[in-house]
Amino acid sequence: MATSKAIETRGYQHPKYWFDDGSVIVTVQTFSSHDSAEGAVLFKLHSSLLARHSTYFSRVLDGTDGGEKQPGNSTGSSCIPTVTVLPTLGVRLDDFVSLLEHLYHDTPLSSKIPFTHVASILRVSSPSQLDFPRLHELAQRYLEAMFPSGPSPFTHPNHLQEALALTRTYEIGSIRKGIFYSLVTTTNFEPEEVGEGAEDVSRDGNPAQGQNGILEDPNTRHTVLSPADVERCGKLMAGIVDHFTPILFTPPATPHMACTDVFADKWMSLVIQSAIADGGVYKPLETLEYIKQLDWAAEGLCAACVREKREEWTEEQVVVWEKMDGWLG
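## Focus: the overall build of the protein
Link 1 in the chain: Counting its secondary structure elements, the protein contains 12 helices and eight strands.
Link 2 in the chain: Within the span of the protein, comprising 329 residues, buried residues form 43% of the whole.
Link 3 in the chain: Relative to all contacts within the protein whose residues are 6 or more apart in sequence, the contacts with residues 24 or more apart total 60%.

Here it is as structure tokens:
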């Protein structure tokens, strides 16, 4: 593999994905933080690999999608075709590198790879970019696996805002509700105000619109919530609090007076104080699971009441999860 060096004045060879036996040169534009073109990076790749998996490259290399393929580029003693990925496709350089890492088995998609790698491949393989249909479906499945849903408690990785934006862009509705729940229960979803003097892409001080309408912080380029999604989070939190507060702060009754007395005596110390300490009023799925796992038999409840109440608390998790659809609107 050749070392990185300038080729004419058109760009630079990528230090890794420049194969001596490659049969096509792919040029990808690089952009500054303000989306202005900075230069280009060139990749010498295998046309058969690209054409086999990508509808886009198949069309371009066959010559049925003109305007992006040049007949040849002199590199040493060989002359091979060059494909320029048009900037209008919105392909990011790091996303394209992630794609190649998968295609050449350096970092293939798996359950162990980070969110950022999955997101990159999901974007670049999409029909609106380089159109790798099977790979796009595979990346979507890995994204869904990263963000499990209720009604049982679940844990999500970071990048919630970007994950939510991806579910909208690529219509992945199966995990959207769970991401909203995580945003409300684990983050301060209200957007941070931009300080005075901060440089902004948008002249009115609002977040800049990035790829596919996704909003980005103009300084960090991190995905931020749209005003509509911030409003949805607020409605979800209000719905959770209104519904769950009376359940949380009312000791449950049982068919047996002795067991009801146990709840009356222990509910404050075992449940309410713990919920207040860790914000459990905003986390109904987790709080209900915590209540279920307490050793109520050791506190004096009979086996029948323990079983009955745990079933009720499990049913309440389902109720909360289903009501979220209405709270989100």
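## Quick word on the packing of aromatic side chains
Link 1 in the chain: For the structure shown, the criterion picks out 15 aromatic pairs.
Link 2 in the chain: Ring centres of Phe-263 and Trp-267 lie 5.7 Å apart, and the angle between their planes is 85°; on these two criteria the pair is classed as edge-to-face. Of this pair, Phe-263 and Trp-267 both sit in helix α9 (residues 257-278), separated by four residues, roughly a single helical turn. Residues Phe-263 and Trp-267 agree in their burial class; the two are buried.
Link 3 in the chain: What links up through ring pairs into an aromatic cluster is the set Phe-263, Trp-267, Trp-296 and Trp-313.

## A short note on the nonpolar core
If you look at soluble globular proteins, the nonpolar side chains tend to sit buried side by side.
Link 1 in the chain: Residues Leu-45, Phe-57, Phe-96 and Leu-130 are the most contacted members of the largest nonpolar core, which totals 63 residues.
Link 2 in the chain: Sort the elements by how many residues they give to this core and helix α4 (residues 115-124) lands first, with six residues.
Link 3 in the chain: Every residue in contact with Phe-57, bar those within four places of it in the chain, is listed here: Val-26, Leu-50, Ala-51, Val-83, Phe-96, Leu-130 and Phe-132.
Link 4 in the chain: Grouped together as the second largest cluster of nonpolar side chains are 18 residues, Phe-244, Val-271, Leu-301 and Cys-305 included.

## Some words on the confidence of the model for the protein
Link 1 in the chain: Model confidence for the protein is summarised by a mean pLDDT of 86, while 80% of its residues fall at 70 or above.
Link 2 in the chain: The lowest-confidence element of the protein is strand β1 (residues 6-7), averaging 40 in pLDDT; the highest-confidence one is helix α10 (residues 284-293), averaging 98.
Link 3 in the chain: Across residues 1-9 the pLDDT falls below 50, and counting only partners more than four positions away or on other chains, this stretch makes 24 contacts in the model.
Link 4 in the chain: Per-residue pLDDT stays below 50 along residues 73-77; that stretch engages in 12 contacts with residues further than four places along the chain or on separate chains.

Cut-offs applied
Each residue is numbered by its place in its chain's sequence as written, counting from 1. In keeping with the predicted nature of the model, local features appear solely for residues at pLDDT of at least 70, side-chain atom pairs appear and are counted solely at 80 or more, and the whole-chain, interface and lining totals rest on all residues. For the side-chain quantities, the full set of heavy atoms in the structure was used; hydrogens and water were omitted. Helical segments are the DSSP runs of H or I of at least four residues, strand segments are the runs of E of at least two, and each set is numbered from the N terminus. The classification of residues rests on relative accessible area computed with a 1.4 Å probe and restricted to protein chains. Under 20% of the type maximum is buried, over 50% is exposed, and intermediate values are partly exposed. Contacts were defined at the residue level, with two residues in contact if any of their heavy atoms lie within 4.5 Å. Centres within 6.5 Å make a pair out of two Phe, Tyr or Trp rings, where for Trp the six-membered ring is used; the pair is then stacked when the planes are under 30 degrees apart, edge-to-face when over 60, and tilted otherwise. For the purposes of this section, nonpolar cores are sets of buried Ala, Val, Leu, Ile, Met, Phe, Trp, Tyr and Cys residues that join through side-chain atoms within 4.5 Å. As a per-residue measure, pLDDT reflects the predictor's confidence and takes values from 0 up to 100.

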